[in-house]
Amino acid sequence: MAKVLVQFKCNSCGYTTAKSMGRCPSCSAWNSFEEIVTAPSSKSTSGFGARSNVPSSAVTRLSSVKSSEEPRSSSGIGELDRVLGGGWVAGGVVLLGGEPGIGKSTLLLQVADHLALLDEKVLYVAGEESLEQVRLRADRLGVKGDILMTRDVHADGITALLELERPKLVIVDSIQTVQTDDGGSPGGVAQVRESTARLTRAAKETGAAMVLVGHVTKDGNVAGPKVMEHIVDAVLMLESVGHYRLLRSVKNRFGSVGELGVFDMLEHGLKAVDNPSAAFLAERPVGVPGSIVAATMDGQRPLLLEVQALAAKTPYPAPKRVAVGLDARRVDVVLAVLERRLQLSLGGLDVYVNLAGGMRLSDPGLDLAIALAVYSAVMMKPVPEGVAVFGEVGLAGEVRSVTQPARRASEASRVGLTRLVMPPGVQGGKTEGVQSVQEAVRFLWGKP
Ligand code: TYD
Ligand code: MG
C-alpha cells in the first residue's frame, strides 16, 4: 500500500518541511506551521512508465502572442487613476491596504458611486459593517448611485454572485472577513490566502475589476500572509500625513510602482488634491531662518516640501541631533560636511531638522536642502524668496546629480519658484547649477 505523506507547511509563506518548527526559517513567522497530509496519487510519479514523454501542453512562440493594451475604465477620481496606471482593468485584482480608520471604505464607496452613476453594476461586499452602517456613510458622502450590496462573506458565495450578476467592479471590504470551508480561523493567514486565490480566480473568470480591502498591521504589512501580495495584480497603500491621505502603488502589473496620489479627508469624503506641492507649502513661514523648499521625488511624483532646521545652544557636552521625517544618517553626514567643509561650528548646538507637514521621505536629493536649512538656521539668515533646491551632498561637499532633475525643476517653476539651486547640467533649468555646498551658500547669500 502506498504511504501517506505527512509534511508541515508554513501558512504564511508556503515553506514546506518534514518536521514542524516553532519559527519558519523562510519568513520568520511564529507558530505558522500546519500539518498537511498528501494522499498518494493513484498515478505513481516514479517508476516505470509513470510519466510518458508526451508534453501535456504545447508551447507558444512569444512572437506569435498578440499584445493587447488592457482596456481601462476610469475610477472617476484622477488621483486614483494615476496610481492604478490609468483606471480599472477588467479581471484585475487590486489590494488596498491601510490602517483601520484611514479612509479605505470611504474612498471605495465614492468610487463605487461613480461607476454606479454611469449605470455600471457595482457589487459591494460589506464584511466589516452592517448594511445600515454602510448606508449611513453613503448618505454622508452623498452617494446617489445604486450599488448592489451583500453581506455574504463566503468566498464561494461571492464567486456565485459574480457569476450571476457580472458586475463591472466588485469591492470586498475586507478580505480578512472572507471565509472558506477549508478550516483555519477567519482572518487567519491560511483563510486569507485561500480566499484571495479563489476571489482572484472568480474575478479573472467573470472579467470583474476587483478591490480587496486589507488591514495593515503596525509594522506596515498587510495583515495576513505576504503571499497575498503575490496573488493580486496591484497593491495600493493608503497612509495618512496630517489630514492628507497618500495613496501609493507598491506593486502594479498594469502600471508603474511608486505612483503617488494625494487626497484630503474632508467632511464629505476624500477629495483629490490638485496641487499637492502648493498644499504642502501653504503653511510655510516667510522670511524665517532655517526654512527652505526642497524639490523632491516621492516615487514617481515630484513634490515640493519644506525642510526646517533649528539650532539651539546647549550646555551639555553631547548636543542633540534630531531628524523628523528624514533619514537621520543622511542628516548626520550633511552636518559633518558643514562642519568640515564650510567650517560651520555646530559644537554646543542642538540641531533639529524636520520635513514639515508630517511627511517622511528618504530621497538623497534632500541633502542640499538639509545643508542649506541648517546653514540658514545657524547663521540666522533667511533663505531668499522664490528659491527651491535639490541635490545630493557628497563627503567632499560636492553637489551630486539626482534622479529626475528636469521634473523637479519644472514642478518648482509650476508653483512659482524659479531660483533653483541644483546640481550642474540640468536641462531646462533656468539657473546654472552649483558644484558644491559652498557655491550654493554663495549663490543664496553672496560672499560670506
Ligand atoms: P473609513 O473609510 O471607515 O476607514 P477604513 O475603511 O480605512 O477603516 O474612514 C473612517 C474615518 O474617516 C472616520 O474616522 C471618519 C472619517 N471620515 C471623514 O472624515 N469624512 C467622511 O466623509 C467620512 C465618510 C469619514
Ligand atoms: Mg472600512
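Residue numbers run consecutively from 1 along every chain, following the written order of its sequence. Whichever chain is written first is A, and whichever ligand is written first is 1; the rest continue in order. The model is predicted, so local features are restricted to residues of pLDDT at least 70 and side-chain atom pairs to those at 80 or more, both for listing and for counting; the totals for chains, interfaces and linings are taken over all residues. Think of the side-chain values as coming from all heavy atoms in the structure, minus any hydrogens and water.

1. A word on the overall build of the protein
Stated precisely, the cut-off is as follows: Each helix corresponds to a stretch of at least 4 residues labelled H or I by DSSP, and each strand to a stretch of at least 2 residues labelled E; elements are numbered beginning at the N terminus. The buried label applies to any residue whose accessible area, calculated with a 1.4 Å probe on protein chains only, is under 20% of its type's maximum; exposed applies above 50%, and partly exposed to all values in between. Pairs of residues are marked as contacts when any of their non-hydrogen atoms sit within 4.5 Å. For the accessible areas, the method is Shrake-Rupley and the probe is 1.4 Å, while residue cover comes only from the protein chains on display. Charge assignment in this entry is limited to Lys and Arg as positive and Asp and Glu as negative, and neither His nor the chain termini are counted. All charge positions are set by atom: Lys at NZ, Arg at CZ, Asp at CG, Glu at CD.
Scanning the protein from N- to C-terminus turns up eleven helices and 22 strands. Summarising its shape, the C-alpha atoms of the protein cover approximately 90 × 55 × 50 Å along the three principal directions. Within the protein, buried positions represent 48% of all 448 residues. For the protein, the share of sequence-separated contacts (at least 6 apart) that also reach a separation of at least 24 residues comes to 65%. With the model as given, the accessible surface of the protein reaches about 22400 Å², and the carbon-plus-sulfur share is 52%. Of note, the protein has its 49 positive side-chain charges centred 6 Å away from the centre of its 47 negative side-chain charges.

2. Quick notes on the site of ligand 1
What counts, and what does not: Any residue with a heavy atom positioned within 4 Å of a molecule or strand is treated as near that molecule or strand. We define a polar contact as two N or O atoms separated by no more than 3.5 Å, with the added condition that, inside protein, one atom must be a possible hydrogen donor and the other a possible acceptor, whereas residues neighbouring each other in sequence contribute only through side-chain atom pairs. Throughout, the ten residues Ala, Val, Leu, Ile, Met, Phe, Trp, Tyr, Cys and Pro are labelled nonpolar, Asp, Glu, Lys and Arg are labelled charged, and all others, Gly among them, are labelled polar.
Around ligand 1 sit 16 residues, and of these Gly 101, Lys 104, Ser 105, Thr 106 and Gly 269 come closest. Here an oxygen atom of ligand 1 and a backbone polar atom of Gly 101 are 2.7 Å apart. Separating an oxygen atom of ligand 1 from a backbone N or O atom of Gly 103 is a distance of 3.0 Å. Look at ligand 1: alone it shows 560 Å² of surface, and the protein chains cover 75% of it. Elements that contribute at least two residues to the shell around ligand 1 include exactly helix H2 (104-117), helix H3 (131-141) and strand S13 (260-266). Residues that form the shell around ligand 1 fall into these classes: five nonpolar, six polar and five charged.

3. Some thoughts on the nonpolar core
What counts is decided by this rule: Here the nonpolar core consists of buried residues drawn from Ala, Val, Leu, Ile, Met, Phe, Trp, Tyr and Cys, with membership extended through side-chain atoms lying within 4.5 Å. Boundaries of every domain are those given by an automatic assignment or by a domain database.
By size, the foremost hydrophobic cluster in this structure holds 50 residues, and its most contacted members are Val 307 and Leu 372. The leading source of residues in this core is helix H9 (residues 367-379), at nine residues. Counting residues domain by domain, this core receives three or more from each of domain 2 (72-274) and domain 3 (279-445). With residues up to four places along the chain from it excluded, the contact list for Val 307 reads Gly 290, Ser 291, Ile 292, Ala 294, Val 353, Asn 354, Leu 355, Leu 366, Ala 369, Ile 370 and Ala 373. Val 134, Ala 138, Leu 236 and Leu 238 belong to the second largest nonpolar core, which has 34 residues in total.

4. As for the pairing of strand S11 (residues 234-241)
Operational definition: We call two strands paired when DSSP finds no fewer than two bridges between them.
Buried residues dominate S11, accounting for six of its eight residues. The sheet contact formed by strand S6 (residues 93-98) and S11 spans five bridges and is parallel. Counted as the bridge partner of Leu 96 is Leu 236 from S11. Taken together, the eight bridges between S11 and strand S12 (residues 244-252) define a ladder with antiparallel strand orientation. Counterpart to Ala 234 in the pairing with S12 is Asn 252. In this structure, the hairpin formed by S11 and S12 is closed by a connection of two residues, where Gly 242 is found at a positive phi of approximately 60°.

5. Points about the sheet that holds strand S16 (residues 301-313)
We count it as follows: Axis definition: a line fitted to C-alpha atoms, over the contacting stretch in the case of helices. Angles run 0 to 180 degrees between N-to-C directions.
What the six strands build is an open sheet, ordered S17-S18-S16-S15-S19-S22; its pairing is mixed. Either end of the sheet is taken by a strand with one partner, and the two such strands are strand S17 (321-324) and strand S22 (419-421). Adjacent strand axes in the sheet meet at a mean angle of 25° when their direction is disregarded. Where strand S19 (residues 387-389) meets S22, three bridges bridge the pair, whose relative direction is parallel. In the sheet register, Val 389 faces S22, and the bridge partner there is Val 421. Those strands touched by helix H11 (residues 437-445) are strand S15 (291-298), S19 and S22, and its axis lies near 160° from that of S22.

6. With respect to the confidence of the model for the protein
Threshold: The predictor reports its confidence for every residue as pLDDT, a score running from 0 up to 100.
Residues of the protein with pLDDT of at least 70 account for 92%, and the chain-wide mean is 89. Per-residue pLDDT stays below 50 along residues 43-47; that stretch engages in two contacts with residues further than four places along the chain or on separate chains.

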